[in-house]
Structure formats: structure tokens, C-alpha cells
Amino acid sequence: MDQIIAYFESINPILAAFYATLFTWGLTALGASLVFLFKGVNRAFFDGMLGFTGGVMVAASFWSLLAPGIEMSPGEGFTKVIPAVVGFGLGALFLFGLDKILPHLHINFKESEKEGVKTPWHKTTLLVLAITLHNIPEGLAVGVLFGGVAAGFDGATIGGAVALAIGIGLQNFPEGFAVSMPLRRQGLSKRKSFMYGQSSAIVEPIAAVIGAWAVMTFQPILPYALAFAAGAMIFVVVEEVIPETQRDKYTDIATLGFIGGFIIMMTLDVGLS
């Protein structure tokens, strides 16, 4: 792990963010590839993995984004928390707007429950777009953190950025599976199910590069940018991930998965930072 961190320290931060999110994208593809091996997925396992995803995202929002953002903010008392408040609110509103505009359909939801503007798009496209919404703030968070390290802000570390990428990669693995298997059940071939499943994470390297570039170019926005990514991720968890785990009888398993995901992400961040 020390060698990995040293390597990321030695290269351009934007390139580092790009490589890190190629890793998270790769784990999405690896999860989606399970469609070639399995005909279906156990619903209890599925809900547990969705819960795990939510736990990772919530832990990352605090330990990797909000806490460093507040630490590096100037001022004392209420003044110190203003960037976090503003950024967090804007991040949530940004995803709220995308959620209302972009047509999508949550996993485990009926086609009649699709969200966003009305569209004749097929259910498979809507399922992929739903997971794509998850991945925008995740890629942005990784990029912003790498950009913060390059800008020399206290509280932003390569170890923390690597930990965030590992955590997001871990929860992307079941996400890839969660997209490809429903597509397979919709009648798509295994190959098409895999291609659609892995493509849901293609936005992560794009968002990461944008986030790293923005922070390096406009350094004072870093505390706001970290909180922005956190607000976007929390919105996704509350509006999408948690409801998706509450549609069946395995809510206890989903809750335990959430706790496990939170513990693993917290451990990674504290240990590597």
C-alpha cells in the first residue's frame, strides 16, 4: 500500500484522479461480469450489498469529505462551518435537480415508478441511468480530494484519496452486478447486460478529472467542493439506495450491510490517512 501511495504522490494529480477512478470503474465492470457466471441473484444478498453501498457512501461523505473540508476551512466557530453548510446544500440540490430531470428507474422499482421527465426510453436504459446518478458524486469526490492534495491543503492526503477510491471501488462491485442481473432478467443477452452494467460507471473518471481540475484551478473552493460531493452522495443514499433496500423482507440484512460498509470505509480512511 505504501508503494501505491508513493506512486500517486509522484504523478500529476489530475492523472492520479483519472487512474483511481479507472480502478473504481474496473470493479464495476468486474461486478457486472458476474452475469456470465450466474443466472440470478439471491434477493437477501442483493439487498445486503445495496445496504453495504449506502454505508460506504455515508462514511465516505463524513470521514473523507466533510471532516477534512471543515478542518481546512478558515475562521472559528460558526464561521468555520459555513463552507461545509453551503457546499453540502448545493451538492444535494444539484443531485435533486438531476433526479427530477434525468429519466431513470431505481433497481427493485416497477416501471410505472420511473422518475424524471417523461420519456419513451426502454426500462434497461432507465436502470443504467439510475446507477449513473450514483456514480457522478463518487467520481467527483475522488477528483476533488486528489486536487486538494495538489493544492497543499491541510487535511487532504494522498492516503485519504486512495482510501476513498478503494471504498468506492468496493461498493461499485455489487453495483455492477446489481445493474447487469436485472438487465439479464429483462431479456438482454449476457454480453449486452455486461456492457450496460459496466457503462454505468463511465462517468466516474470524467467527474474525477473535472473535480481535480476545478480545485487546482480555483483553490479557495476546495472546502466547498468537498462538502458539495458529500451532499450529493448523501442525497443519493437517502433518495435512492435506502428505498431500494426496503422493498422486500430483507431489511435487517440491508441494515447490517449498511453498518458493515460504514465500518469498512471508516477503517480505510482513518488507517490510510
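For the structure, check the block above.
Just so you know, the residues in each chain are numbered from 1, in the order the chain's sequence is written. Totals for whole chains, interfaces and linings use all residues, but because this is a predicted model, local features are given only for residues with pLDDT of at least 70 and pairs of side-chain atoms are given and counted only at 80 or more. Neither water nor hydrogens contribute to the side-chain values; these are computed over all heavy atoms in the structure.

1. Regarding the packing of helix H6 (residues 158-185) against helix H10 (residues 251-272)
Axis definition: a line fit to C-alpha positions, over the contact stretch in the case of helices; interaxial angles, taken between N-to-C directions, run 0 to 180 degrees. Helix and strand labels come from DSSP, where a helix needs a run of H or I of at least four residues and a strand needs a run of E of at least two; each type is numbered from the N terminus. Running from amino to carboxyl end, H6 crosses H10 at an angle of 160 degrees, the nearest separation of the two axes being 8 Å. Between H6 and H10, the angle is such that the two are roughly antiparallel. In terms of crossing hand, the pair formed by H6 and H10 is right-handed. Along its contact with H6, which presents Gly159, Gly160, Ala163, Leu164, Ile166, Gly167 and Leu170, the element H10 presents Ile264, Met265, Leu268, Asp269 and Leu272. Of the residues that constitute the contact of H6 with H10, the class distribution is eight nonpolar, three polar and one charged. To sort the angles, those under 35 degrees are grouped as roughly parallel, those over 145 as roughly antiparallel, those from 65 to 115 as roughly perpendicular, and the leftovers as oblique. Each crossing gets its handedness from the near helix: less than a right angle anticlockwise from the far helix is left-handed, clockwise is right-handed. Note on contacts: a residue pair is in contact if any heavy atoms of the two residues lie within 4.5 Å. Put simply, Ala, Val, Leu, Ile, Met, Phe, Trp, Tyr, Cys and Pro go in the nonpolar bin, Asp, Glu, Lys and Arg in the charged bin, and everything else, Gly too, in the polar bin.

2. Points about the environment of Ser193
Tracing the sequence through the fold places Ser193 in helix H7 (residues 190-199). Throughout this description, buried means an accessible area under 20% of the type-specific maximum (1.4 Å probe, protein chains only), exposed means over 50%, and partly exposed covers the range between. For Ser193, a relative accessible area of 0% puts it in the buried group. Separated by 17 residues in sequence, Ser193 and Gly176 have C-alpha atoms that sit 10.0 Å apart. Ignoring sequence-local partners within four residues, the contact set of Ser193 consists of Val35, Ser180, Leu183, Arg184 and Leu188. Identification of polar contacts relies on pairs of N or O atoms within 3.5 Å, with a donor-acceptor requirement for protein atoms, meaning one able to donate a hydrogen and the other able to accept it, and with residues adjacent in sequence counted only if both atoms are side-chain atoms. A distance of 2.9 Å separates the side chain of Ser193 from the backbone oxygen of Ser189, its partner in a polar contact.

3. Focus: empty space enclosed by the protein
One water molecule sets the probe size; rolling that probe over the atoms shows where empty space is left. Residues are called lining when one of their atoms sits within 4 Å of a cavity or pocket point, these points coming from a 1 Å grid over the protein atoms alone, where a cavity is a set in which a 1.4 Å probe fits but cannot get out and a pocket is an open set with protein on both sides within 12 Å along at least five of seven lines. Grid points are joined across faces, edges and corners, and a volume is the space filled by probe spheres set on the points. If you walk through the whole model with that rule in mind, you get one cavity of 30 Å³ or more. Taken as a whole, the largest cavity encloses approximately 30 Å³ of empty space. Along the walls of the largest cavity sit Phe46, Met49, Leu50, Thr53, Pro174, Glu175 and Ala178, which together make up its complete lining. When residues of the lining of the largest cavity are traced back to their parent elements, those giving at least two are helix H3 (43-71) and H6.

4. Here's the deal with the nonpolar core
We define a nonpolar core as any set of buried Ala, Val, Leu, Ile, Met, Phe, Trp, Tyr and Cys residues linked to one another through side-chain atoms lying within 4.5 Å. Grouped together as the largest cluster of nonpolar side chains are 51 residues, with contacts concentrated most on Phe8, Leu65, Val144, Phe146, Val162, Leu164 and Leu226. It is helix H9 (residues 222-245) that contributes the most residues to this core, twelve residues altogether. Leaving out residues up to four positions away in the same chain, Leu226 has contacts with Ser64, Leu65, Pro68, Gly69, Met72, Val144 and Leu145. In this structure, Leu105, Leu127, Ile131 and Val179 belong to the second largest nonpolar core, which totals eight residues.

5. Remarks on a nonpolar patch on the surface
Patches were defined on residues exceeding 30% relative accessible area and lacking a salt bridge, with like-charge contacts within 9 Å and nonpolar side-chain contacts (Val, Leu, Ile, Met, Phe, Trp, Tyr) within 5 Å. The Shrake-Rupley method, run with a 1.4 Å probe sphere, supplies the accessible areas, and residue values consider only the shown protein chains as cover. Should a side-chain nitrogen of Lys or Arg be within 4 Å of a carboxyl oxygen of Asp or Glu, the pair is scored as a salt bridge. On the surface, a nonpolar cluster with roughly 940 Å² of combined accessible area is contributed by Ile82, Val85, Val86, Leu90, Leu93, Phe96, Trp213, Phe218, Ile221 and Tyr224. It is helix H4 (residues 78-101) that contributes the most residues to the nonpolar patch, six residues altogether. With respect to the element layout, Ile221 can be found in the loop between helix H8 (203-217) and H9.

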